[in-house]
Amino acid sequence: MSFVTHLECSETGKKYEAGKLYNLSEAGKPLLVRYDLKALAKTLSKEELASRHYGLWRYREFLPVEKDENCITLGEVISPIIRVPRILKKIGASGELIVKDESRQPTSSFKARGLGLAVSMAKEFGVKHVAIPTNGNAGGALAAYATRAGLKATVLCPDDTPEVNVNEAAFVGAHVFRVNGYINHCGEIVAEGRDKVGWFDVSTMKEPYRVEGKKTLGIELAEQLGWELPDAIIFPTGGGTMPIGVWKAFDELEEMGWIGPKRPKMIVAQAAGCAPIVEAWKEGAEKARKWEEAHTKAAGIRVPAAIADFLILRTIRASGGFALAIPEEEIFDTWREVAREEGLLLCPEGAAAFAAYKTALRDGRIAPGSRVMMFSCATGLKYPMEAKTGYIDRTKPIDYSVFG
Ligand SMILES: *Cc1c(COP(=O)(O)O)cnc(C)c1O
């Protein structure tokens, strides 16, 4: 069973009956799931939760799936939180930076949380075929969970999507197509195919359940920090399921009486080559303009237009946070720096969040002594890495001085 009461249009507040398959609301905006949180709080205690060892589904009561048999799993984990003391010392930071490392999830990215939930719900509603536009990680996750659930999956990605992502999605059973365009062009084809093919569209924020999976990140980080939220959280942001989901988790936890009203500053990091949310935030706009000629090798945040732009912007403002665009070179310099100094391989998107921390600390927008959390959302191994290596010809006399 679940504690779902209804769904709600994120723009108009109009209520929608639970137990039905939905994409967007009639207003063309994302739908959000609402729960009977008072009843939930009576059923579940923090102690009971602490005694569970299981990954994402340990938050079962916070999630919308009705039947246990529809809870699809590939072994999700509670992702570790990792400190980076050496770099903090180097930059003279007096506070704390905690990296939440989502590279350990199935398919090696946090997309597993959202798509695990979306596929579980699609299965519950009897969907047979799911489709998604992706820059890489979402396609791999959808493919894996759909195959696990016995659903057919179609994945559309821009034609410059890295080989490794394309192959991964196809290898675990999806039909994969490269498209000569951006992710929003892929999204248009997926939307069009709803009537023409009959598949279910699981695009970011265009169905209500991916964000519920991402919500578990917010519950999990609160639990990991002893139900004391940090002063700020930095999100590498494309479509924005992460800040929206995490914010939703905090609201629900407060309504249950598990946390107080204190909220972290919600900080959005984007690449300078694709920063529609940052521009809108600077202008004080409610919505973002579509970004023309988007470019960044941090593909997870190369999203020229986000349907939930207004929700991301509201979240930033409600929290007293801000949005930062990070130049491409700085993203990749930071990526290399964190690997070299700390032995921690972030994803480049995570490196953008890390760089945002350094910038905001320097310009005073993050106060000295602050406790800050940031997300690294995926493995760095799927991105091209230039690295210097040596070569030994073992058939010749070996020059041992090279090892010094
Ligand atoms: C998808 C993705 C993001 C952005 O997440 P959104 O929820 O779309 O904002 C960031 N980093 C990586 C590695 C991703 O795959």
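As the structure is a computational prediction, the values presented were derived from the model and not from experiment.

> If you had to explain the nonpolar core to someone new, which residues and values would you point to?
Of all hydrophobic cores here, the largest spans 82 residues; its most connected members are Phe62, Leu221, Ile234, Val246, Phe250 and Leu346. In terms of residue count, the dominant contributor to this core is helix H13 (residues 348-362) (eight residues). Apart from residues lying up to four places away in sequence, Val246 is in contact with Lys214, Leu217, Gly218, Leu221, Ile233, Phe235 and Met266. Ranked by size, the runner-up nonpolar core spans 23 residues in total, among them Ile72, Ala118, Leu142 and Phe200.

> Could you give an account of the packing of helix H4 (residues 111-124) against helix H8 (residues 210-224), with specific residues and numbers?
Contact geometry for H4 and H8: axes closest at 6 Å, N-to-C directions at 135 degrees. On the basis of the axis angle, H4 is oblique to H8. The chirality of how H4 crosses H8 is right-handed. Between H4, through Lys111, Arg113, Gly114, Leu115, Leu117 and Ala118, and H8, the contact on the second element is made entirely by Arg210, Glu212, Gly213, Lys214, Thr216, Leu217 and Glu220. Residue composition of the contact of H4 with H8, grouped by class: four nonpolar, three polar and six charged.

> Describe in detail the site of the ligand, supporting the description with residues and values.
Taken together, 18 residues are adjacent to the ligand, and Lys111, Gly238, Gly239, Gly240 and Thr241 come closest. The contact in question runs from an oxygen atom of the ligand to an N or O atom on the side chain of Asn137, over 3.0 Å. Contact between the ligand and Gly240: an oxygen atom at 2.7 Å from a main-chain N or O atom of the residue. Starting from 380 Å² of accessible surface for the ligand in isolation, the protein chains cover 97%. Here the residues of the shell around the ligand are counted per class, giving eight nonpolar, seven polar and three charged.

What counts and how
- Residues numbered from 1 in each chain as written.
- Predicted model: local features only at pLDDT ≥ 70, side-chain atom pairs only at ≥ 80, totals over all residues.
- Heavy atoms only, no water.
- Core = buried A, V, L, I, M, F, W, Y, C linked by side-chain atoms within 4.5 Å.
- Buried < 20%, exposed > 50% of the residue type's maximum accessible area, 1.4 Å probe, protein only.
- Helix = DSSP H or I, 4+ residues; strand = E, 2+ residues; numbered from the N terminus.
- Contact = heavy atoms within 4.5 Å.
- Axes fitted to C-alpha atoms, helices over the stretch in contact; angles between N-to-C directions.
- Parallel < 35°, antiparallel > 145°, perpendicular 65-115°, else oblique.
- Left-handed = near helix turned anticlockwise from the far one by under 90°.
- Nonpolar A, V, L, I, M, F, W, Y, C, P; charged D, E, K, R; others polar.
- Near = heavy atom within 4 Å.
- Polar contact = N/O pair within 3.5 Å; in protein donor to acceptor, adjacent residues only side chain to side chain.
- Areas by Shrake-Rupley, 256 points an atom, 1.4 Å probe, with all protein chains shown as cover.

By themselves these figures say nothing about function.
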